Amino acid sequence: GLSSELDEMGSFVQAKAHPRWLWHAIDHHPGKVLAYVFGRRKDTVFLKLKALLEPFGITRYYTDSWGAYERHLDAENHRVGKENTQKIESKHINLRTRIKRLVRRTICFSKTEQMHDLVIGLFINRHEFGRAI
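### Re the environment of Phe129
The topology assignment puts Phe129 in the segment after helix H4 (113–128). Residue classification places Phe129 among the partly exposed residues on the basis of a relative accessible area of 32%. Counting along the chain gives 69 residues from Phe129 to Arg60, while the straight-line C-alpha distance between them is 23 Å. Discounting residues that sit within four places of it in the chain, Phe129 has contacts with Val33, Tyr36 and Ile124.

Right, here's the structure in full:
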């Protein structure tokens, strides 16, 4: 079966008081993005990502120790640890390098959630799926 790495990456909209999270999943072996969603760092947003992943028939999940994963993934299919999430962490570095508004200390930021999600979504669609939205 398919195995997937899941992780979330934080940024902010307008000010650091307004966090925005990119939750995404990649295929563990080739490292291709399977699905992504934007929102808060809440279980409800993770459940949206999980619903997008259902058609893939994933049998193994690799994550960090964030509680939403432990609450909503079956323990026998879930492995926690940084040794199996290196590809998705590498994607985070690439995103932060290429999209200035994702850098933690920057003067470049999104003024609206819609613009934030569009810029990052367009980048992912272009570089991961080879097409624009």
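### Some words on the pattern of salt bridges
In the structure shown here, the tally under the stated rule is 6 salt bridges. Put simply, Glu8 and Arg41 hold a salt bridge, and the shortest N to O gap is 2.7 Å. Here Arg41 lies in the loop between strand S3 (33–39) and helix H1 (43–53) and Glu8 lies in strand S1 (residues 2–13), a separation of 33 residues in the sequence. Judged by its relative accessible area of 6%, Glu8 is buried. Ionic pairing is found between Asp43 and Arg71, a salt bridge with its closest N-O pair at 2.8 Å. Of this pair, Asp43 sits in helix H1 while Arg71 sits in helix H2 (residues 67–72); the two residues are 28 residues apart in sequence, bridging distant segments of the chain. Residue Asp43 is classed as partly exposed on the basis of its relative accessible area of 22%. Taking relative accessible area as the criterion, Arg71 reaches 53% and is therefore assigned exposed. One network of salt bridges, in which partners are shared, links Arg20, Glu113 and Asp117.

### Focus: the layout of surface pockets
Vacant regions in the atomic arrangement are exposed by a probe of water-molecule size rolled over the atoms. In this structure, the largest pocket occupies an estimated 170 Å³ of space. Contributions of two or more residues to the lining of the largest pocket are made by helix H3 (86–98) and H4. Its residues assigned to classes, the lining of the largest pocket shows 4 nonpolar, 3 polar and 3 charged.

### A look at the sheet that holds strand S5 (residues 78–80)
One open sheet accounts for 5 strands, arranged S3-S2-S1-S4-S5; its pairing is mixed. Two strands lie at the open edges of the sheet, namely S3 and S5, each paired on one side alone. Between one strand and the next, the sheet's axes are offset by a mean angle of 25°, whatever the strand orientation. Bridge analysis of strand S4 (residues 58–63) against S5 gives 3 bridges, and the strand direction is parallel. Of the residues in S5, the one forming a bridge with Tyr62 is Arg79. Packing against the sheet, H1 makes contact with S1, strand S2 (15–27), S3 and S4, and its axis sits at approximately 155° to S3.

### Comments concerning the packing of aromatic side chains
On inspection of all chains with the given rule, the structure shows 4 aromatic pairs. Residues Tyr36 and Phe38 carry aromatic rings whose centres are separated by 5.8 Å and whose planes lie at 80° to one another, so their mutual orientation is edge-to-face. The burial state of Tyr36 is the same as that of Phe38; both residues are buried. Each ring, one from Phe46 and one from Tyr69, has its centre 5.2 Å from the other, and the planes form 90°; the classification is edge-to-face. Linking Phe46 in helix H1 with Tyr69 in helix H2, this pair joins segments that are 23 residues apart in sequence. Here Phe46 and Tyr69 have matching classes, each one buried. Here the guanidinium or amino end of Arg41 rests over the ring plane of Trp66, the centre of that ring lying 3.7 Å away.

Definitions and limits used
Residues numbered from 1 in each chain as written. Predicted model: local features only at pLDDT ≥ 70, side-chain atom pairs only at ≥ 80, totals over all residues. Heavy atoms only, no water. Helix = DSSP H or I, 4+ residues; strand = E, 2+ residues; numbered from the N terminus. Buried < 20%, exposed > 50% of the residue type's maximum accessible area, 1.4 Å probe, protein only. Contact = heavy atoms within 4.5 Å. Salt bridge = Lys/Arg side-chain N within 4 Å of Asp/Glu carboxyl O. 1 Å grid on protein atoms, 1.4 Å probe; cavity = no way out; pocket = protein on both sides within 12 Å on 5 of 7 lines; lining within 4 Å. Points joined across faces, edges and corners; volume = space filled by probe spheres on them. Nonpolar A, V, L, I, M, F, W, Y, C, P; charged D, E, K, R; others polar. Pairing = 2+ DSSP bridges. Axes fitted to C-alpha atoms, helices over the stretch in contact; angles between N-to-C directions. Phe/Tyr/Trp six-rings, centres within 6.5 Å; stacked < 30°, edge-to-face > 60°. Lys NZ or Arg CZ within 6 Å of the ring centre and 35° of its normal.

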